[in-house]
Amino acid sequence: MRVLVSIKPVLDPSMKPRLKPEGAGIDLNQAKRIINPFDEIALEEALRLKESGKATEVVIVSVGNLQAQETLRHGLALGADRALLIQTERYCSSLMIAKILKAMVLRELPALMFLGKQAIDTDNNQVGQMLAGLLNWPQGTFISRLELQTNEIMVTRELDEGLETLKLRLPAVVTVDLRLNTPRYASLPNIVKAKQKPLTVITLESLDLSLAEPNYKIVNTSLPISSRKKIKVNSVQELIEKLKKEAKVL
Amino acid sequence: MKVLVIAEYERQRLKPSFFSALTAAKQLSPGNEIDLFVAGFECNDLLQVIKKINVKKIILVDDKKCEHQLAEVVADLISKVAIHYDFVIMSATTFGKNILPRAAALCDCTLIADVVQIIDPATFVRPIYAGNVLETIQTSEKIKFLTIRASAFEPTLIESDIEAEVECIKEDLISSRQDIVFISSELTEQTRPSLESARIVVSGGRALKSKENFKLIEDLADKLHAAVGATRAAVDAGFISNDFQVGQTGKIVAPQLYIAIGISGAIQHLAGMKESKVIVVINQDPDAPIFKIADYGLVGDLFQIIPALINELEKCNKTLT
Ligand SMILES: Cc1cc2nc3c(=O)[nH]c(=O)nc-3n(C[C@H](O)[C@H](O)[C@H](O)COP(=O)(O)OP(=O)(O)OC[C@H]3O[C@@H](n4cnc5c(N)ncnc54)[C@H](O)[C@@H]3O)c2cc1C
Ligand SMILES: Nc1ncnc2c1ncn2[C@@H]1O[C@H](COP(=O)(O)O)[C@@H](O)[C@H]1O
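So, how was this worked out
Residues numbered from 1 in each chain as written. Chains lettered and ligands numbered in written order. Predicted model: local features only at pLDDT ≥ 70, side-chain atom pairs only at ≥ 80, totals over all residues. Heavy atoms only, no water. Helix = DSSP H or I, 4+ residues; strand = E, 2+ residues; numbered from the N terminus. Buried < 20%, exposed > 50% of the residue type's maximum accessible area, 1.4 Å probe, protein only. Contact = heavy atoms within 4.5 Å. Areas by Shrake-Rupley, 256 points an atom, 1.4 Å probe, with all protein chains shown as cover. Salt bridge = Lys/Arg side-chain N within 4 Å of Asp/Glu carboxyl O. Near = heavy atom within 4 Å. Polar contact = N/O pair within 3.5 Å; in protein donor to acceptor, adjacent residues only side chain to side chain. Nonpolar A, V, L, I, M, F, W, Y, C, P; charged D, E, K, R; others polar. Expected span 1.5 Å × (residues − 1). Domains from an automatic or database assignment. Buried area = accessible area lost by both parts, 1.4 Å probe. Axes fitted to C-alpha atoms, helices over the stretch in contact; angles between N-to-C directions. Left-handed = near helix turned anticlockwise from the far one by under 90°. Phe/Tyr/Trp six-rings, centres within 6.5 Å; stacked < 30°, edge-to-face > 60°. Lys NZ or Arg CZ within 6 Å of the ring centre and 35° of its normal. Pairing = 2+ DSSP bridges.

Within chain B one finds eight helices and 18 strands. Principal-axis analysis of the C-alpha atoms places the extent of chain B at approximately 60 × 45 × 40 Å. Counting only residues that meet the buried cut, chain B has 61% of its 321 residues in that class. The contacts in chain B between residues at least 6 apart in sequence include a share of 63% that link residues at least 24 apart. Accessible area of chain B: about 12900 Å², with a carbon and sulfur share of 50%.

In structure tokens, the structure reads:
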């Protein structure tokens, strides 16, 4: 059984995003990229399925420019068997990414498609759901538990009001949440070994998808403004006094 | 502008986040060309409440196949009715995020997620990078699918004396799926105000050290009639369940008062609470980054401060009565 995991390189969240002048977007030029943390959790889960003998091959896939190769190499060092980069310089909407991933699913025919629940840069939380819709596959979103049985999976989803458990017949799409597992680190020998693993670059044009440009444009990016009082209080009494008389919230 | 709002409810009660979505719908359609979409099973009680909301029409799907509101079934139905609308709106709750992107893709449409401001019916603002950046998007999409951030839209109830007309979806339009089965749900018992609607939120972090100690946060919350929140670290450590996590990847709140106790102020946490009206920080480390967004900061040991706060609040209450 083959498992496919999508990987998005994102700006290291410990770095503050830098804006280009005049609201023209975010300057990612010299920014350090990491695997989107949710994708790392997705990959970890796929690797565990392989190590427990339930999956036979773990393939990782990314859509983006050639820079993404570095991130994919890291995925290979973590244990993925091979990597695919759908290379494009185009700006892609979530819908376009979902369409491209669909093409890769139809090519690789995995039993399970793993995605992160959200990319921590654009915070969209939608590609997995879109992909599942386009494939007409069942979806298990925001999962914190996965159990693979023959031909089906049991997943527990994290909801605003608690948990929900579903049974999905394979093939299926899942998007993973934080508490599914704790990802491993890449060991030095594995980093070395990863250099030999196959990383295939496929140009977007060669997929013959005829993707239309998105029907929207980002017209501005800006920093939010917030001003805080930053008053230090010295006692509990003073705090309550201020909240009552000054802030009037108690 | 014709707007379709998808009803979100739990145990037959509409959720506050749904009323926030209605507020956004009102902004988009001042002429009130708003319809509601309700999917469920045996939702008669719910329907009686919904009928009083001032909208044009209610599209109802009351069928066993919709009992658990599975995305596979509901998104498919939404995509079938969406073609008659300019906008399809839900709140960016786990419910909305599960369903609406799927419906949008089925209509071959993009979706703008987590809208915090409507500039005009084609222009929307949304936060990215954990709220560190705001992005303004202009769209010409034929059907505009939006999820809105509930904390940025004050919920409104628009009641009317005239009952809205109800249109029932034909049974044969509802897909039956063999490939997905609902097994169970474990909903958290609601004993206090919910995070999404509380005026005051008291949140605790890793510093609480154990589930037993976390009761301190809950006790303080009860004194203030507040909701309880937590950081990812507190949830991961098992002090409290996942649905209390506030942050980039948890719940986004903007109460009148947010009290952060034993929380360092990682950007992922700030993303979920920095729009609160007043922020109080209690932390023993005067250099903790969270002090940067505090209106009132108190440096000290929470194990002394919380009991003192509870004590003081009790005294105040006594003098009042
Ligand atoms: C992909 C991803 C998503 C994430 N999403 C979220 C999210 O949605 N929400 C979230 O909260 N986090 C999230 N995080 C985690 C986040 O990065 C931080 O790790 C987390 O918020 C830290 O929690 P904390 O403040 O409770 O713990 P710490 O950072 O350990 O802070 C504890 C604080 O308590 C103080 N303290 C200790 N003892 C006492 C005492 N006795 N009295 C007073 N103060 C004391 C310390 O000075 C310190 O400032 C995410 C991380 C990742 C990678
Ligand atoms: N460019 C991309 N390449 C590969 N996977 C992606 C890409 N963009 C998004 N994804 C996947 O979709 C998930 C959800 O992303 P989003 O809907 O953008 O928040 C991510 O965690 C990734 O697994």
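This brings us to the pattern of salt bridges. Applying the stated criterion across every chain, the model contains 38 salt bridges over all chains. Taken together, the salt bridges that share partners define one network made up of A:R2, A:E57, A:R82 and A:E108.

What follows is about the site of ligand 1. If you check the shell around ligand 1, you find 28 residues, and the closest are B:R206, B:T231, B:T249, B:S264 and B:Q268. At ligand 1, the nearby residues belong to more than one chain, namely chains A and B. Between B:D301 and ligand 1, the recorded distance is 2.9 Å, taken from a side-chain N or O atom to a nitrogen atom. For ligand 1, whose unbound accessible area comes to 990 Å², protein coverage reaches 83%. Elements that contribute at least two residues to the shell around ligand 1 include exactly α1 (37–51) of chain A together with α6 (232–236), α7 (267–270) and α8 (302–320) of chain B. Partitioned by chemical class, the residues of the shell around ligand 1 number ten nonpolar, 14 polar and four charged.

Residues and elements named next belong to chain A. With 15 residues, helix α3 (residues 94–108) extends 21 Å between its outermost C-alpha atoms, agreeing within 8% with the 21 Å of an ideal straight helix rising 1.5 Å per residue. The element α3 is largely enclosed, with a buried count of eleven among its 15 residues. Within α3 the residues assigned to the buried category are S94, L95, M96, I97, A98, I100, L101, A103, M104, V105 and E108.

Residues and elements named next belong to chain B. Along its sequence, chain B is organised into domain 1 (3–173) and domain 2 (200–320). Placing a centre on the C-alpha atoms of domain 1 and another on those of domain 2 gives a separation of 32 Å. Counting from both sides, the interface comprises five residues of domain 1 and, opposite them, seven residues of domain 2. Interface area for domain 1 against domain 2, summed over the two sides, is near 530 Å², with a carbon-plus-sulfur share of 53%. Three residues, A130, R149 and S151, lead the burial of domain 1 against domain 2; their summed loss comes to 75% of the area buried on that side. Partitioned by chemical class, the residues of the side of domain 1 that touches domain 2 number one nonpolar, three polar and one charged.

Turning next to the packing of α1(A) against helix α2 (residues 68–78) of chain A. The axes of two packed helices give the description: the angle between them and the distance between them. All names here are of chain A. Close contact between α1 and α2 brings their axes to 10 Å; oriented N to C, the two are set at 35°. α1 and α2 meet at a crossing whose hand is right-handed. Here α1 contributes E40, L43 and L47 to the contact with α2, which in turn contributes H74, G75 and L78. For the contact of α1 with α2, the class distribution of residues is three nonpolar, two polar and one charged.

Before going further, it helps to spend a moment on the environment of A:I120. Turning to its location among the elements, A:I120 is positioned in the loop between β8 (112–116) and α4 (127–135). Discounting chain neighbours no more than four positions away, the residues touching A:I120 are A:V10, A:L11, A:P13, A:N36, A:P37, A:F38, B:Y129, B:A130 and B:Q248.

Counting across every chain of the model gives three aromatic pairs over all chains. Measuring from ring centre to ring centre gives 6.1 Å for A:Y91 and A:Y216, while their planes differ by 90°; the resulting arrangement is edge-to-face. Pair noted here: A:Y91 is in the loop between β7 (82–87) and α3 and A:Y216 is in strand β14 (residues 216–222), with a separation of 125 residues, a long-range link. Note on A:Y91: relative accessible area 43%, which makes it partly exposed. Look at A:Y216 and you get buried, because its relative accessible area is 16%. Centroid distance B:F18 to B:F19: 5.2 Å. Interplanar angle 65°. Geometry classified as edge-to-face. Each of the two residues, B:F18 as well as B:F19, counts as buried. Above the ring of B:F291, the side-chain terminus of A:K232 is found at 4.4 Å from the ring centroid.

The interface is formed by 87 residues belonging to chain B together with 76 residues belonging to chain A. Buried surface at the junction of chain B and chain A, summed over both partners, amounts to about 7100 Å²; 55% is from carbon and sulfur atoms. For the interface between chain B and chain A, the tally reads four salt bridges. Across the pair B:K15 and A:E161 runs a salt bridge whose closest N-O atoms are separated by 2.4 Å. Counting the contacts that link chain B with chain A gives 49 residue pairs in polar contact (both at pLDDT 80 or more). For the side of chain B that touches chain A, the class distribution of residues is 40 nonpolar, 22 polar and 25 charged. When strand β11 (residues 162–169) of chain A meets strand β13 (residues 180–187) of chain B, the two strands line up antiparallel, connected through seven bridges. Looking at the pairing, A:K167 lines up with B:V181 of β13(B).

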